[in-house]
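The lines below spell out each chain.
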Amino acid sequence: MWRIRILALAFAMTPGLATALEESAVAVPSGMSVTFVDSSIDSGTSAQRFRFLAPQIGGPKPLTYDEVAPDMQHLCDNFALPRATQAQVIPPVIVISLMEEPLEVGVTSPGIRQYFEAYSPQNGVCLWEAF
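Residues numbered from 1 in each chain as written. Predicted model: local features only at pLDDT ≥ 70, side-chain atom pairs only at ≥ 80, totals over all residues. Heavy atoms only, no water.

### Some points on the pattern of salt bridges
Side-chain pairing between opposite charges can occur once the charged atoms of the two side chains come close.
Thought 1: Scanning all chains against the criterion turns up one salt bridge.
Thought 2: Here Arg51 and Asp38 are joined by a salt bridge, their closest N and O atoms 2.8 Å apart. Residue Arg51 is found in strand β3 (residues 48-53), and its partner Asp38 is found in strand β2 (residues 34-41); the two are separated by 13 residues along the sequence. (Salt bridge = Lys/Arg side-chain N within 4 Å of Asp/Glu carboxyl O. Helix = DSSP H or I, 4+ residues; strand = E, 2+ residues; numbered from the N terminus.)

### Description of the environment of Ile41
Thought 1: Along the chain, the position of Ile41 falls in strand β2.
Thought 2: As a C-alpha pair, Ile41 and Val95 span 54 residues in sequence and 9.7 Å in three-dimensional space.
Thought 3: Once residues lying within four places of it in the same chain are set aside, the contact partners of Ile41 are Ser46, Ala47 and Gln48. (Contact = heavy atoms within 4.5 Å.)

### Observations regarding the state of the cysteines
Thought 1: Using the criterion set out here, one finds one disulfide in the structure.
Thought 2: Each disulfide pairs two cysteine sulfurs, and for Cys76 the partner residue is Cys126, the sulfurs being separated by 2.1 Å. In this structure, the disulfide formed by Cys76 and Cys126 twists by about -80° around the S-S bond and is classed as left-handed. One end of the pair, Cys76, is in helix α3 (residues 65-84); the other, Cys126, is in strand β6 (residues 125-129), and 50 residues separate them in sequence.
Thought 3: Residue classification places Cys76 among the buried residues on the basis of a relative accessible area of 0%. (Disulfide = S-S within 2.5 Å. Buried < 20%, exposed > 50% of the residue type's maximum accessible area, 1.4 Å probe, protein only.)

### Here we look at the sheet that holds β3
Thought 1: The strand order β1-β2-β3-β4-β5-β6 describes an open sheet built from six strands, whose pairing is mixed. For this open sheet the edge positions go to β1 (25-26) and β6, each flanked by a neighbour on one side alone.
Thought 2: Bridge count for strand β5 (residues 114-122) against β6 is five bridges, and the pairing is antiparallel. Note on β6: the bridge partner recorded for Ser120 is Leu127. (Pairing = 2+ DSSP bridges.)

### Some details on the side chain of Ser24
Thought 1: Assignment of secondary structure puts Ser24 in the loop between α2 (17-23) and β1.
Thought 2: Looking at Ser24, the relative accessible area reads 15%, which means it is buried.
Thought 3: When residues no more than four places from it in sequence are discounted, the contact partners of Ser24 are Val34, Thr35 and Phe36.

### Some thoughts on the confidence of the model for the protein
Thought 1: Of all residues in the protein, 82% have pLDDT values of 70 or greater, and the mean over the chain is 83.
Thought 2: Throughout residues 1-22 the model reports pLDDT below 50, and contacts reaching past four residues in sequence, or to other chains, amount to 15 contacts. (pLDDT = per-residue confidence, 0-100.)

### Section: the nonpolar core
Thought 1: Core analysis: the biggest nonpolar cluster contains 23 residues, and Met32, Phe52, Ile94, Ile96 and Leu98 have the highest contact counts within it.
Thought 2: Elements with a contribution of two residues or more to this core: β3, α3, β4 (94-99) and β5.
Thought 3: Looking at this core, the element that brings in the most residues is α3, giving eight residues.
Thought 4: Each residue touching Ile96, except ones within four places of it in the same chain, is listed here: Phe50, Phe52, Met72, Leu75, Cys76, Ala80, Tyr115, Phe116, Glu117 and Tyr119. (Core = buried A, V, L, I, M, F, W, Y, C linked by side-chain atoms within 4.5 Å.)

Okay, here's the thing in structure tokens:
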């Protein structure tokens with residue numbers, strides 16, 4: 001958690017970066033703090049991944065998967081899908097990931113909680129796909 005505080009402080013002390021961090025905040029039904037980190041396309045599967053920082057999924061009283069599942073659906077329907085459909089080709093799968101602290105794509109850390117979910121874009125909505 002201290003890394004996030006240092007990162008937030010660095011953003012606040014750097015002109016322009018604090019605004020970028022504020023602009024990347026995304027509202028979700030649970031009301032937890034969620035910040036868009038990045039998006040990438042997996043060259044092997046053509047899945048488009050949208051990664052979000054969600055510190056409240058960790059810490060002393062972490063939110064469970066069941067508590068954030070509606071948020072992940074919301075992020076797919078209202079954040080990822082509109083951005084994915086701007087491309088010429090809609091990806092066959094959208095992956096939403098929430099991470100307690102910033103991590104590189106594909107990196108795991110036993111002390112940092114992450115949740116992932118996959119959806120198929122169909123008829124303007126995200127349909128949940130079981131992994």
